[in-house]
Amino acid sequence: MMGNDKIIVALDVPDLEGAIALIDKLESVSFWKVGLELFTSTGPQILEILKSRQKRIFLDLKFHDIPNTVAGACRSSARYGVDLLTIHATAGKDALKAATEAAQTGAAQAGVQPPKLIAITLLTSISARQLAFDLKIPLELPEFALEMALMAKESGLDGAVCSPQEVAQLRQTSGDEFLLVCPGVRPTWADKGDQKRSLTPSQALQAGANYLVIGRPITAAPDPELAWKRISEELN
Ligand SMILES: O=C(O)c1cc(=O)[nH]c(=O)n1[C@@H]1O[C@H](COP(=O)(O)O)[C@@H](O)[C@H]1O
């Protein structure tokens, strides 16, 4: 299958047992995302399990703190030898720069490849209305996402996380080398849940995403294998 190496499946489950069951069930998934729920529960043990199965890892801990603290977190994360790592762009330029350097340092200390550090532009669960009325950001949503991505790029990050609805514009502005990862992806037959700015997997890839992050449409499906197969087939 061609399309499915571009899909990162979100392992959003509460414990190690549930995670292992999914990894074993979805054998052909090669790239898994470990996020706040699972990592808080299991710690690095889940990373060891994924590595022992030769899987690629997106460690999505979405750091958002002062420069010194995010740098420390990125240094520690990079030692695990993960492939992708996230930080919020709104932590600011100094934090983004410190994080970039620290990720390199941590990886070098452990003798592993440094992760690609990518910035969250604007969470895909936020609507244009919420951006304006709750967060009081006086910019149009696409412009805000773009500004965050450009700041991340200027600060030396490898890429950004954005919704599929902004990815075409970000691709056009940030060039071919900048990694663009899109969560908030929904096949036509799946529930939107809390995602506000979604497109289908094939639309998101056509718009310029390097990777798609998909969780519940696969992991919460009555038959996760079937859902995974269906999505992979829709992409090919
Ligand atoms: O960093 C992320 O991966 C992320 C950023 C974002 O803006 N929106 C977003 O949904 N995510 C993650 O992507 C996954 C989406 O999961 P589903 O909505 O179940 O497909 C979750 O694990 C989120 O934590």
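Presented here is a report on the structure given in the accompanying data block. As the structure is a computational prediction, the values presented were derived from the model and not from experiment.

**So, the sheet that holds strand S5 (residues 116-120)**
The strands that make up a sheet are held in pairs by hydrogen bonds between backbone atoms, and each pair lies either parallel or antiparallel. Pairing is parallel in the closed barrel, where 8 strands are placed in the order S1-S2-S3-S4-S5-S6-S7-S8. Geometrically, the sheet is characterised by an average inter-axis angle of 25 degrees between neighbouring strands, direction not taken into account. Summarising the sheet, strand S1 (residues 7-10) and strand S2 (residues 31-34) pair through 2 bridges and their orientation is parallel. Among the inter-strand pairings, Ala 10 is bridged to a residue of S2, identified as Lys 33.

**With respect to the nonpolar core**
Counting residues in hydrophobic clusters, the biggest one holds 65 residues, and the most contacted among them are Leu 11, Trp 32, Val 34 and Ile 46. Top contributing element to this core by residue count: helix H7 (residues 141-154), with 7 residues. Residues Ala 10, Ile 118, Ile 120 and Val 213 belong to the second largest nonpolar core, which totals 12 residues.

**Topic: the pairing of S5**
A regular strand places its side chains so that they alternate between the two faces of the sheet. Burial within S5 is extensive, with 4 of its 5 residues counted as buried. Bridge count between strand S4 (residues 84-88) and S5: 5 bridges; the pairing is parallel. Across the sheet, His 88 pairs through a bridge with Ile 120, a residue of S5. Running through helix H5 (residues 93-110), the crossover from S4 to the neighbouring parallel element S5 is right-handed. Taken together, the 3 bridges between S5 and strand S6 (residues 159-161) define a ladder with parallel strand orientation. The residue bridging Ala 119 from the neighbouring strand is Ala 160, located in S6.

**Observations regarding the packing of H7 against helix H8 (residues 167-174)**
As a packed pair, H7 and H8 sit with axes 10 Å apart at the nearest point and diverge in direction by 40 degrees. Considering the relative orientation of H7 and H8, their crossing is right-handed. Counted together, Pro 142, Ala 145, Leu 146, Ala 149, Leu 150 and Lys 153 of H7 and Gln 169, Leu 170, Thr 173 and Ser 174 of H8 form the full contact between these two elements. Tallied by class, the residues present in the contact of H7 with H8 amount to 6 nonpolar, 3 polar and 1 charged.

Cut-offs applied
Residues numbered from 1 in each chain as written. Predicted model: local features only at pLDDT ≥ 70, side-chain atom pairs only at ≥ 80, totals over all residues. Heavy atoms only, no water. Pairing = 2+ DSSP bridges. Helix = DSSP H or I, 4+ residues; strand = E, 2+ residues; numbered from the N terminus. Axes fitted to C-alpha atoms, helices over the stretch in contact; angles between N-to-C directions. Core = buried A, V, L, I, M, F, W, Y, C linked by side-chain atoms within 4.5 Å. Buried < 20%, exposed > 50% of the residue type's maximum accessible area, 1.4 Å probe, protein only. Right-handed = clockwise from strand over helix to strand, strands pointing away. Left-handed = near helix turned anticlockwise from the far one by under 90°. Contact = heavy atoms within 4.5 Å. Nonpolar A, V, L, I, M, F, W, Y, C, P; charged D, E, K, R; others polar.

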